[in-house]
Amino acid sequence: MTIECAFFGSLGKDAEPKTSARGKRYLRLSVRLGDGDGAQWVSVLAFDPAAIEVADKFMAGARVYVEGKLELSEWTGSDGAKRHGLNVLSWQCRLPHIGRNRPRKKPSEDSAPAPKERERATDDLNDSIPF
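Residues numbered from 1 in each chain as written. Predicted model: local features only at pLDDT ≥ 70, side-chain atom pairs only at ≥ 80, totals over all residues. Heavy atoms only, no water.

Chemist: Help me get a handle on the nonpolar core, residues and values and all.
Modeler: Counting residues in each nonpolar core, the largest one holds 19 residues, and the members touching the most others are F7, L27, L29, V44, F58 and C93. Secondary structure elements with two or more residues in this core: β1 (3–11), β3 (25–33), β4 (40–46), α1 (49–53), β5 (63–76) and β6 (82–94). Apart from residues no more than four positions distant in its own chain, L27 is found in contact with A15, E16, P17, V44, L45, A46, A51, I52, A55 and F58. (Core = buried A, V, L, I, M, F, W, Y, C linked by side-chain atoms within 4.5 Å. Buried < 20%, exposed > 50% of the residue type's maximum accessible area, 1.4 Å probe, protein only. Helix = DSSP H or I, 4+ residues; strand = E, 2+ residues; numbered from the N terminus. Contact = heavy atoms within 4.5 Å.)

Given below as structure tokens:
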């Protein structure tokens, strides 16, 4: 059975660019889902070429959006206890433009749009829904 997932989370540490034995590039991510005591850590292997190209932007604390295949893994810890964790093989991984990921505006972009541009902007909101 395959379980597909999509979620937003926060990176616990900087992304680790890796290369598989077959030469395929990917990113290893540690993503925190939720807050407080109920938070869950998920290990993500991201094979998304767009994410790999901007791997240096995947820094600790950044928000991340992930889509992929969810798996439960089991291993034995160094203390001999059985452990379980969630892993995701991701085909899409993005840094959404929210919170600390938001691109900074240039000073010229902070000024209000001209009246003509404001009219066009509100007209765009009245488009029909495509579905």
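Chemist: How would you sum up the pairing of β5? Please name residues and give values.
Modeler: With eight bridges connecting them, β1 and β5 associate as antiparallel partners. Bridging from a neighbouring strand, A6 pairs with E67 of β5. Here β5 pairs with β6 via 12 bridges, running antiparallel. Within β6, the position partnered with W75 by the bridge is R83. (Pairing = 2+ DSSP bridges.)

Chemist: Tell me about the pattern of salt bridges, and name the residues and values.
Modeler: Tallying each qualifying case throughout the model produces seven salt bridges. For the salt bridge of D48 with R94, the shortest nitrogen-to-oxygen distance reads 2.0 Å. Taken together, the residues span a long stretch of sequence, with D48 in the loop between β4 and α1 and R94 in strand β6 at a distance of 46 residues. Across the pair E71 and K69 runs a salt bridge, and its minimum N-O distance is 3.4 Å. Judged by its relative accessible area of 33%, E71 falls in the partly exposed class. A residue is classified by how much of its surface remains accessible, and K69, at 30% relative accessible area, is partly exposed. One continuous salt-bridge network, built from bridges that share partners, spans K13, E16 and K18. (Salt bridge = Lys/Arg side-chain N within 4 Å of Asp/Glu carboxyl O.)

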